[in-house]
Structure formats: C-alpha cells, structure tokens
Amino acid sequence: MSAQQAIKVENLNKSFGSGDTFVDVIHDASFTIYKGELVALVAPSGAGKTTLLMMIGCVDTPVSGKIWIGDEKVYDNKWLTKTTRKIRREKLGFIFQAHYLIPFLNVIDNLVLLPQANKVDEKVAKTKARELLKYFDIAEKEKAMPSQLSGGQNQRVAIARALVNDPEIILADEPTAALDSARSIDVVKMLKKIAKEQNVAIVMVTHDERVLPYCDKIMKIENKKTVFEDVSAVK
Ligand SMILES: Nc1ncnc2c1ncn2[C@@H]1O[C@H](COP(=O)(O)OP(=O)(O)OP(=O)(O)O)[C@@H](O)[C@H]1O
Ligand SMILES: [Mg+2]
C-alpha cells in the first residue's frame, strides 16, 4: 500500500503588510506529508513556522498557492470551501506551546467541548475522552481543574483534547516548550506512537534538537522555502 497523503502544499506564498511594513514570509513552498508521519518543523525565530502551521490549519489565509487536506483541495488561490471551520473541527487537532485548557472547566469537560460542538452525543464523547485519559495515564484526574495539574499533566490533557475528534492531522506549535527535557522526550514519543497507531500526520514545531531523533522527517524553512533534511543525520 502506498502512503496516503495527509497534507499537500504547492507553491504556497505568504507575506504580511505592504510598503514599509511588507514582510515576505513563505515563498513558493511545496511539500507533501503522509499519514502516520511525525514531522518536525525547525527554523529560526521569525522564519514563518507558526504562519505555515496556521495556513495548513486553515486559520491563516495564504497570498497564493494550493493546499490539500487529505485528498480534498481546500485552497487554490482562494479557499475552495466556505467551511474551513468544518475542516478544522473534523479533520484537524491543534496543540499549542501553552496548553490553553479552559481554566474554569475540569479535565473531562475540556475534552468533550469540541465533540459536543460537533453534536456528538455526550455519553459517546465522554467514553472516548475517558479512553484517552486512560491512554495518557491521567484517568484519575478527570474531575481536576487545570490549575490543579502539573505542566506535563496539562500538556497530556491538551494532547488528549487534540485527539478526541479522531483528527487526520495534528498541528503542534512547540508542544514541549514548557516541559523539562525528560518530559519533552516523553511527549514526543507519545506523539510518535499516536502517529503510528492512529495513522495520523503530525507536524510539530520544535526548537529542541534532542527530540529530533524521534521524528520521521525534519522540515526546515530556508530562504523562505521548505526543505526536508534527512533525520538520520541527527540520529
Ligand atoms: N499578523 C501578522 N502581521 C504582520 N506580520 C506578521 C504577522 N504574523 C507574523 N508576522 C511576521 O511573519 C514572520 C513569521 O512569523 P512566525 O510567527 O510565523 O514565525 P515563527 O517561525 O513561528 O517564529 P517563533 O519561533 O519566534 O515562534 C515574522 O517576521 C513576523 O513578524
Ligand atoms: Mg511561532
């Protein structure tokens, strides 16, 4: 079986502003990411990593180019669908540097928020959420508030939340930035396991060289273009 395409980007361009405030960020980027892959996105600060992630995530609009999510072409010099929100809800999961759990909801209610917005039955959503909490070894924390959890536990809840709607793609912007080295490696190993077991494509922005050997591919932004580096170089 040949690898299934999860994200395809062709000749993508992105700039901000005009005149004195013009910044050219991504220039003619083209790449394909497949299901089951954990891809590290590495580039200096300000190189456009978050911008690229947000365009793939159908949050930020490119200037021009093409984007496919799975086999569906979603952008061709304009959004092809009025429902980028639907794509985000149904096909994508997001994990951020700070976990962004809702502080006034307990763990389980944070997890069922998105499925309920997608009109999933509450019982079904809770069962799935509990399975994930068990998987991440935090089942006993389901009634805890985010403020009662450690940084690593909060991040595990945030990863569980990104998985609760069975996304095809997970976009993670420095998910380990708030964690110590051992915990960062744990989180990345967990992401790798998810990619393999659930056939999910994961794009993870990271500054941490120690986690690179656990990734399948390393994507860099060089001179505004995306290039892949051989992961065996860092192993
Ligand atoms: N909304 C915006 N308006 C204007 N310029 C922006 C906007 N968002 C990002 N930029 C500019 O685009 C460039 C890329 O920003 P981006 O946040 O994608 O970088 P990054 O690689 O994620 O950096 P970091 O590692 O610091 O998070 C920067 O020069 C930034 O100033
Ligand atoms: Mg960023």
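Details of the structure are given in the entry above.
Worth saying up front: this structure is predicted, and the values here are computed from it rather than measured.

A closer look at the overall build of the protein chain
Item 1. Each helix and strand counted, the protein chain has six helices and 10 strands in total.
Item 2. For the protein chain, whose C-alpha radius of gyration is 18 Å, the value lies close to the compact-globule estimate of 18 Å for 235 residues.
Item 3. Based on the C-alpha atoms only, the size of the protein chain along its principal axes is roughly 50 × 45 × 40 Å.
Item 4. For the protein chain, with 235 residues in total, the buried portion stands at 36%.
Item 5. Pairs at least 24 residues apart make up 67% of the contacts formed inside the protein chain by residues separated by at least 6 positions.

A look at the site of ligand 1
Item 1. By nearness alone, every residue bordering ligand 1 is listed as Phe16, Gly17, Val23, Val25, Ala43, Ser45, Gly46, Ala47, Gly48, Lys49, Thr50 and Thr51.
Item 2. Those elements that provide at least two residues to the shell around ligand 1 are strand S2 (23–34) and helix H1 (49–56).
Item 3. Broken down by element, the shell around ligand 1 gets its largest block of residues, three residues, from H1.
Item 4. Along the lines of polarity and charge, the residues of the shell around ligand 1 split into five nonpolar, six polar and one charged.

A closer look at unusual backbone geometry
Item 1. With a phi close to 65 degrees, Lys119 is a non-glycine residue in the positive phi region.
Item 2. Along the chain, the position of Lys119 falls in the loop between helix H3 (107–117) and helix H4 (122–135).
Item 3. Residue Asn199 is not a glycine yet carries a positive backbone phi of 55 degrees.
Item 4. You can call Asn199 partly exposed: it has 14 C-beta atoms within 10 Å.

A look at helix H5 (residues 151–163)
Item 1. Between its terminal C-alpha atoms H5 stretches 19 Å, which fits the 18 Å expected from 13 residues at 1.5 Å a residue.
Item 2. With 10 of 13 residues buried, H5 is to be regarded as a mostly interior element.
Item 3. Within the sequence span of H5, burial applies to Asn154, Gln155, Arg156, Val157, Ala158, Ile159, Ala160, Arg161, Ala162 and Leu163.
Item 4. Lining the buried residues of H5 we find strand S6 (92–95), H3, H4, strand S7 (169–173) and helix H6 (181–198).

What counts, and at which threshold
Residues numbered from 1 in each chain as written. Chains lettered and ligands numbered in written order. Predicted model: local features only at pLDDT ≥ 70, side-chain atom pairs only at ≥ 80, totals over all residues. Helix = DSSP H or I, 4+ residues; strand = E, 2+ residues; numbered from the N terminus. Rg over C-alpha atoms; globule rule 2.2 N^0.38 Å. Buried ≥ 20, exposed ≤ 12 C-beta atoms within 10 Å, placed from the backbone. Contact = placed C-beta atoms within 7 Å. Near = placed C-beta within 6 Å. Nonpolar A, V, L, I, M, F, W, Y, C, P; charged D, E, K, R; others polar. Expected span 1.5 Å × (residues − 1).

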